[in-house]
Amino acid sequence: KGVSLANLGAGDYYVKVSGAESENYHMAFKLKDAPAVTGNRSENYAVLFSGGYDAANNHTFYYSNIRNVYESIISEYGVDPSHIYILCADGTAAGIDNAAGGNSDFSFAASAAVLAATESNLRNVFRTVSSVADGNDHFFFYSFDHGSTSSDGTDYICGWNEMIRDTDFAAY
């Protein structure tokens, strides 16, 4: 259970997430070079996203995966919890939000911002981070959930009770 990050060089990274339910997930990503701002200290920011779509489709391993990534980026990579935004299912709302009939407990992330995984919240979080981050800072976006592709080729990622189009996501 945990997250490992391998630097492949030239801005390429490989992430392996070992799930609590013996499921492993892999992804690769490339960080684009941003111009450094002289004299500023580097900060790390992270956005962790998993919509689940609704309680019936929001599997408990989505929550476990988000929690594992959160704990790993703090303990292994030193990300300040106040610089982490978790957008997962219905956020901290009371009531059933997962397929097991439970409510996700985000008390482990008391210093992070925890919000419902909606398009509006995602857009606002990206605006918030972009208003404080500069070229010296590092940004990590992690998304784990279902998605789909429509007949016209539009890709979607599941938010909470909504689908977020790739073109809308790219505009943030």
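Each value, and the rule that gives it
- Residues numbered from 1 in each chain as written.
- Predicted model: local features only at pLDDT ≥ 70, side-chain atom pairs only at ≥ 80, totals over all residues.
- Heavy atoms only, no water.
- Helix = DSSP H or I, 4+ residues; strand = E, 2+ residues; numbered from the N terminus.
- Buried < 20%, exposed > 50% of the residue type's maximum accessible area, 1.4 Å probe, protein only.
- Core = buried A, V, L, I, M, F, W, Y, C linked by side-chain atoms within 4.5 Å.
- Contact = heavy atoms within 4.5 Å.
- Pairing = 2+ DSSP bridges.
- Axes fitted to C-alpha atoms, helices over the stretch in contact; angles between N-to-C directions.
- Salt bridge = Lys/Arg side-chain N within 4 Å of Asp/Glu carboxyl O.

Undergrad: It is not clear to me how unusual backbone geometry should be interpreted in this structure. Could you clarify?
TA: With glycine set apart, most residues show a phi of negative sign, and most peptide bonds adopt trans. Phi at Ala-89 is positive, roughly 50°, even though this residue is not glycine. One can find Ala-89 in the loop between strand S5 (84-88) and strand S6 (113-115). We classify Ala-89 as buried; its relative accessible area is 0%. Even without a glycine there, the phi angle at Asn-161 is positive, about 60°. Note that Asn-161 resides in the loop between strand S9 (155-158) and strand S10 (163-165).

Undergrad: Would you mind going over the nonpolar core with me for this structure?
TA: The tendency in soluble globular proteins is for nonpolar side chains to be buried as a group. Ranked by internal contacts, the top residues of the largest apolar core, which has 20 residues, are Leu-48, Tyr-70, Ile-73, Ile-84 and Ile-86. When contributions to this core are tallied by element, the ones reaching two or more residues are strand S4 (44-50), helix H1 (60-75), S5 and strand S7 (138-143). Per-element tally for this core: the top contributor is H1, with 6 residues. Discounting chain neighbours no more than four positions away, the residues touching Tyr-70 are Leu-48, Pro-81, Ile-84, Ile-86, Phe-108, Ala-109 and Ala-112. Formed by 12 residues, the second largest nonpolar core is a distinct cluster that contains Phe-49, Phe-126, Val-129 and Ile-164.

Undergrad: Looking at this structure, I do not really get the sheet that holds strand S8 (residues 147-149). What am I missing?
TA: Within a sheet, neighbouring strands are paired by backbone hydrogen bonds and run either parallel or antiparallel to one another. Strands sit in the order S8-S9-S10 across an open sheet of 3 strands; the sheet is antiparallel. In this open sheet, the two edge strands, each paired with only one partner strand, are S8 and S10. Neighbour to neighbour, the strand axes of the sheet diverge by 30° on average, direction disregarded. Examined bridge by bridge, S8 and S9 share 3 bridges and lie antiparallel to one another. Bridge assignment links Gly-147 to a residue of S9, and that residue is Ile-157.

Undergrad: I'm lost on the sheet that holds S5 in this one. Help?
TA: The 4 strands are arranged S6-S5-S4-S7 in an open sheet whose pairing can be described as parallel. Both outer strands of the open sheet, S6 and S7, are each paired with one neighbouring strand and no more. Within the sheet, the average angular offset between the axes of one strand and its neighbour, ignoring direction, is 10°. Sheet strands touched by H1: S4, S5 and S7. Its angle to S4, the strand with the most contacts, is close to 170°.

Undergrad: Help me understand the pattern of salt bridges in this model?
TA: Opposite charge on two side chains allows them to pair when their charged atoms are near. As enumerated under the stated definition, the model contains 3 salt bridges in all. Close ionic contact of Glu-119 with Arg-123 constitutes a salt bridge, the shortest N to O distance being 3.7 Å. Taken together, the residues span about one helical turn, with Glu-119 and Arg-123 both in helix H2 (residues 119-132) at a distance of 4 residues. Of the charged contacts, one joins Asp-168 and Arg-165 as a salt bridge, the two residues approaching to 3.0 Å between their closest N and O atoms. For Asp-168, a relative accessible area of 22% corresponds to the partly exposed category.

So far we have only geometry, and geometry alone does not tell us how the molecule works.
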